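Overview (structure and organization)
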Amino acid sequence: KLTFWMEMSTPELDQVYQTAVDNYMSEHPDVEIEYLGIPGNAADAKNKLEMAFSANAAPDVFQCFMPEFITRGNIIPLTDYYENSYKANVEKYEG
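A brief report on the enclosed structure follows. (Residues numbered from 1 in each chain as written. Predicted model: local features only at pLDDT ≥ 70, side-chain atom pairs only at ≥ 80, totals over all residues. Heavy atoms only, no water.)

Considerations on the pairing of strand β2 (residues 33-39)
The side chains of a regular strand alternate, first on one face of the sheet and then on the other. Of the pairings in the sheet, the one linking strand β1 (residues 2-9) to β2 comprises six bridges and is parallel in character. If you follow Ser-9 over to β2, its bridge partner there is Pro-39. Handedness of the β1-helix α1 (residues 11-27)-β2 crossover: right-handed. (Pairing = 2+ DSSP bridges. Helix = DSSP H or I, 4+ residues; strand = E, 2+ residues; numbered from the N terminus. Right-handed = clockwise from strand over helix to strand, strands pointing away.)

Next up, the structure:
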């Protein structure tokens, strides 16, 4: 199960993201994603994430522009995963 949080969410954005998550899971039945929209402002999201990191309950993926999470080592770059996935998909469809 993958958890995904989105900061500064609204009911409209929640609907868009939840629909995208649902569509992805229907195309990939072996994947389970739990989406959570965090309403309010960036400070609200930061507080929620701080508490989650403190409790060792942070989401797997989140959208939040807080560089301190990087400098503290709370998160890792996904560049290598993305590049490898992209390369595999290009080779799959071109090859």
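Focus: the nonpolar core
In terms of nonpolar packing, the biggest core is built from ten residues, these being Trp-5, Ile-38, Ala-45, Leu-49, Ala-52, Phe-53, Phe-62, Cys-64, Met-66 and Phe-69. Here this core gets four residues from one element, more than from any other, and that element is helix α2 (residues 42-54). With sequence-adjacent residues up to four places away left out, Phe-69 is seen in contact with Lys-46, Leu-49, Glu-50, Phe-53, Phe-62, Cys-64, Asn-74 and Ile-75. Counting residues in hydrophobic clusters, the runner-up holds five residues, among them Phe-4, Val-21, Ile-33 and Tyr-35. (Core = buried A, V, L, I, M, F, W, Y, C linked by side-chain atoms within 4.5 Å. Buried < 20%, exposed > 50% of the residue type's maximum accessible area, 1.4 Å probe, protein only. Contact = heavy atoms within 4.5 Å.)

Overview of the packing of aromatic side chains
Two aromatic rings are characterised by how far apart their centres lie and by the angle between their planes. Taken as a whole, this structure holds six aromatic pairs when the rule is applied. Each ring, one from Tyr-17 and one from Tyr-35, has its centre 5.9 Å from the other, and the planes form 10°; the classification is stacked. With Tyr-17 in helix α1 and Tyr-35 in strand β2, this residue pair connects regions lying 18 residues apart in the sequence. For Tyr-35, a relative accessible area of 12% translates into the label buried. Ring plane angle 85° and centroid distance 5.8 Å describe the contact between Phe-62 and Phe-69, whose orientation is recorded as edge-to-face. Judged by relative accessible area, which is 16%, Phe-62 ranks as buried. For Phe-69, a relative accessible area of 0% puts it in the buried group. These aromatic residues form a ring-pair network of at least three members: Phe-4, Tyr-17 and Tyr-35. Over the ring of Trp-5 we find Lys-48; its NZ or CZ atom is 5.4 Å from the centre of that ring. (Phe/Tyr/Trp six-rings, centres within 6.5 Å; stacked < 30°, edge-to-face > 60°. Lys NZ or Arg CZ within 6 Å of the ring centre and 35° of its normal.)

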